[in-house]
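A look at the structure
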Amino acid sequence: MVGVTVVSAVLVAAAQTVFASPVARSGYSVKDSHDVPRDWVKSARAPGDHVMNLQIGLKQSNFDELEKQLYEVSDPDSSKYGNHLSAEQVEELVKPSKETSDLIHEWLGDHGIVPSSYSAAKDWVTVKLPISDIERLLDTEYHIFEHKDGAKVARAPSWSLPNHLHDHIDTIQPTNSFFRARSHASDAFVDTGIMPDYSPKHYPTGSGIGAVCNTSSVTPQCFETLYKTKGYKPRAAGHNKVAFTNYLGEHPIRTDGELFVKKYRPAELSVARTFPQLTLQGGPGDKPLSAADLAAGTSKEANLDLQAIAGISYGTPIISYSTGGSPPFVPSEGTTDNSNEPYLDWVNWLLKQKSIPQVISTSYADDEQTVPPSYARRVCQQFAQVGARGTSLLFASGDSGVGAYGTCHTNDDKKTDTFLPEFPPSCPYVTAVGATKDFQPEVVANRPAFTGPDGVKHGNYTSGGGFSKIFTTPSYQKKEVTKYVKALKGEYDGWYNKTGRAYPDIAAQGLYFAYFWNGTEGTISGTSASTPLMSGILSLVNDALLASGKRPLGFLNPWLYKKGFKGLNDITQGSAVGCGVAGFPAVKGWDPVTGLGTPDFPKLVKIAGGKL
C-alpha cells in the first residue's frame, strides 16, 4: 500500500525540528533544474497540504554491465544471442550499492520518513508526503502550472539535495518533469463513420492487394495480404503473448472489440471476449463507456490498439495494461496526487512480474524537451531492464513529422528554432515505429489538414521522426545515421542533433484504419495505428520462433540493423513534414521517418531462424 509511516511520536517531533531548522551533514545545492515547457504557465503556489507520491531514483550499481549484457543477448552475431536475463539477474545488476541505500534511508529517517514502496531492484524508492514537507526536504517551492488546454500540475522547476547525496540520487519526480503521455491517435486523426479519402486516390493495381486494400478504410484483410501473414497459424499461443499500454483514462471497450473481431476475425472472437484488462495505480478497469467518456471521446486509442493487434495476431493471447495518472490537478487535503509519471509506475510494476509478454506496444509520447534529461535517462534505463529480459518494447514515433506547426522552438528564453524529437521513442533501448500509407508502393504517411463536406475539421498528420537531444547515437545504428546525415549536405543544420539517437527504426501502415468505437465503425490514423499493428506482426514472428524451439526476438534494434532489415520493405517516398518545412526525406536504406522499412513476414521469420 502506498503511504508513509511515521515511526513514533519521538520521530515526528524530531522531523518537525529538522524541517523547522534543517541541520544536514552538509549544505544543500541545486541537483536539477529544467525549463518550463511552452504552453505551461505558473498560476499560484501549490497547496501545502496536497499529498504526492514522491519517487526517488537511486543510482544503479552496475547499469553499464546491464547495458553490455543487453547488447550481447540482442546481437545476432554474439554467442550469447537470445540468452535473455532472468528477473533476478537484472535486479542484481541494477540494485543500488549498500552505501547509496544506507545514505538515502538515513536521510529519510532523519526526517521521520519510512518509504511506502520500492521497485523490484530497490533502485526506486517511493514516499508519500504533503507538498509542504517535500518543499523542505528538497529545498524548493512547488507551484501550480496550467497548460493551455486547462490541465494543471504541481511542479518545482528546480530542486536541491544535500551535497553528499548528489552522487547517489539520479532524479526525483514529480518535481520538474512536465511530461504528459500524449496519445498518438488524437481527435485530429479520428473520423466519424467510414469516410472517403479526400486526398488524391492511390488505389493498388495488383490483383491480390487490389482485391482487399482500399485507402479509404484499411482492414485486417489488407494488412495480412500486404505484409504476407495470411494463412499463418500460431503454434505457440500457450507461451507467446502480446500486450499494449493505456494511459489518460483509456481502456479498451470489450463490446467494441467483439464487434470488430466478429466482422474481421470471427474465428478469434474468444480473444476479444476473454483478454485480461489489468489496472495499475487506479487506472480504469473493464467497463463500458460512461456518459463522461462518450463526451470526451475516451478509449478511441485503446480500442485501436486492441483491434489492430487482434486483427493481425490470429489468436495470440493479448493483455491490456491501464495505468492511472493524468492531469488535471485537483487539490484536496490528504488526497494523493497521481497525476504524474505513469510510464515509471507501469514499468516498475512490470519489472516486479516474473513473467512478462514478449512484445508490448505503446502509443503515447510527448516532446522530449518536456522531460528533464536526468529523468528521461532513468526511465530509459528501466526500459533496458525489460529488454534484457527478452521483451520487445515498441513505441509510436509521433504524428507531427519533425514537429507540430507553430511549436518548433526551445523552451529557454532564446526560443531558438528547432525540430522536436519525442520521448520515449528517442530512448535507444526501445524500438520506434513510424507510419506509411498506400500500397504499391507504400509511402510516408501524410495527410494535410482539411475540412470534410460534413464540416468536420481534420488535422495535419505526418509520420514522426527525428534525433534525440538527450541520447547519443547508439552503436547499432551509427553507420546508417552517419550516412544519412552526410547525405543531407547541411540541410536543416542547427535544427537537430546530428549525433543523437535517431528514430524511427521500422514502420507499418498508419492511415485510415477500420475500427469500432461506441458500437460504430469508423476510421482512425496515426503511429498509434502502425505501432500495435507492427507489434501483432512481431508477435507472430515470435510464435514461429518459439514453435521452432528458438528464443523470442527480445530487444529488436541490434538485430534489425544487422540482419532484420533484409526482411523489411524499404520506403523511399515522402518526408517528415513539420515545423513549416518538408522535413527529413525518406531515402533508400534507413531514414528518420520510416526507419528501415515495413515488414515482410515470411522473410523476417526466415532471417530470425524460425519456420513457417
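In this report, the structure presented in the accompanying data block is examined. (Residues numbered from 1 in each chain as written. Predicted model: local features only at pLDDT ≥ 70, side-chain atom pairs only at ≥ 80, totals over all residues. Heavy atoms only, no water.)

The next subject is the pattern of salt bridges. A full pass over the atoms with the stated rule returns 21 salt bridges. A salt bridge links Asp-75 to Lys-562; its shortest N-O distance comes to 3.1 Å. Linking Asp-75 in the loop between helix H2 (63–74) and helix H3 (87–94) with Lys-562 in helix H16 (residues 557–562), this pair joins segments that are 487 residues apart in sequence. Of the charged contacts, one joins Arg-501 and Asp-505 as a salt bridge, the two residues approaching to 2.8 Å between their closest N and O atoms. Residues Arg-501 and Asp-505 agree in their burial class; the two are buried. Through salt bridges with shared partners, a single ionic network connects Arg-38, Asp-39, Lys-148 and Asp-367. (Salt bridge = Lys/Arg side-chain N within 4 Å of Asp/Glu carboxyl O. Helix = DSSP H or I, 4+ residues; strand = E, 2+ residues; numbered from the N terminus. Buried < 20%, exposed > 50% of the residue type's maximum accessible area, 1.4 Å probe, protein only.)

All right, on to the sheet that holds strand S2 (residues 40–45) then. Read across the open sheet, the three strands follow the order S2-S6-S7; overall the sheet is antiparallel. With one partner strand each, in any of the chains shown, S2 and strand S7 (152–155) form the two edges of the open sheet. Neighbour-to-neighbour, the strand axes of this sheet turn through a mean angle of 35 degrees, independent of strand direction. Where strand S6 (residues 143–147) and S7 come together, four bridges link them in antiparallel fashion. (Pairing = 2+ DSSP bridges. Axes fitted to C-alpha atoms, helices over the stretch in contact; angles between N-to-C directions.)

Right, let's talk about H2 for a bit. In this model, H2 (12 residues) spans 16 Å end to end at C-alpha, consistent with the 16 Å of a helix rising 1.5 Å per residue. All buried positions along H2 are accounted for by Phe-63, Leu-66, Leu-70, Tyr-71, Glu-72, Val-73 and Ser-74. Buried residues along H2 sit in contact with H3, helix H13 (373–388) and H16. (Expected span 1.5 Å × (residues − 1). Contact = heavy atoms within 4.5 Å.)

Let's shift gears to the environment of Asn-557. Tracing the chain through its elements places Asn-557 in helix H16. Along the backbone, Asn-557 and Ile-506 are 51 residues apart, and their C-alpha atoms lie at a distance of 9.4 Å. If near-sequence neighbours (up to four positions away) are discounted, Asn-557 is found in contact with Pro-428, Val-430, Thr-431, Tyr-476, Arg-501 and Asp-505. A distance of 2.9 Å separates a polar side-chain atom of Asn-557 from the backbone oxygen of Val-430. (Polar contact = N/O pair within 3.5 Å; in protein donor to acceptor, adjacent residues only side chain to side chain.)

Now for the pairing of strand S5 (residues 124–130). Counting buried positions along S5 yields five of seven residues, so the element is predominantly enclosed. For strand S3 (residues 51–58) and S5, the ladder comprises seven bridges, and the chain directions are antiparallel. Of the residues in S5, the one forming a bridge with Ile-56 is Val-125. A loop of five residues connects strand S4 (residues 117–118) with S5, the two strands running antiparallel in sequence, and Lys-122 in this loop sits at a positive phi of about 60 degrees.

Omega for the peptide link from Gln-173 to Pro-174 comes to 5 degrees, which places this bond in the cis form. For Pro-174, the position within the fold is in the loop between strand S9 (169–173) and strand S10 (182–183). The peptide bond linking Tyr-503 to Pro-504 adopts the cis configuration, its omega dihedral lying at 5 degrees.

Read these as spatial facts, not as claims about activity.
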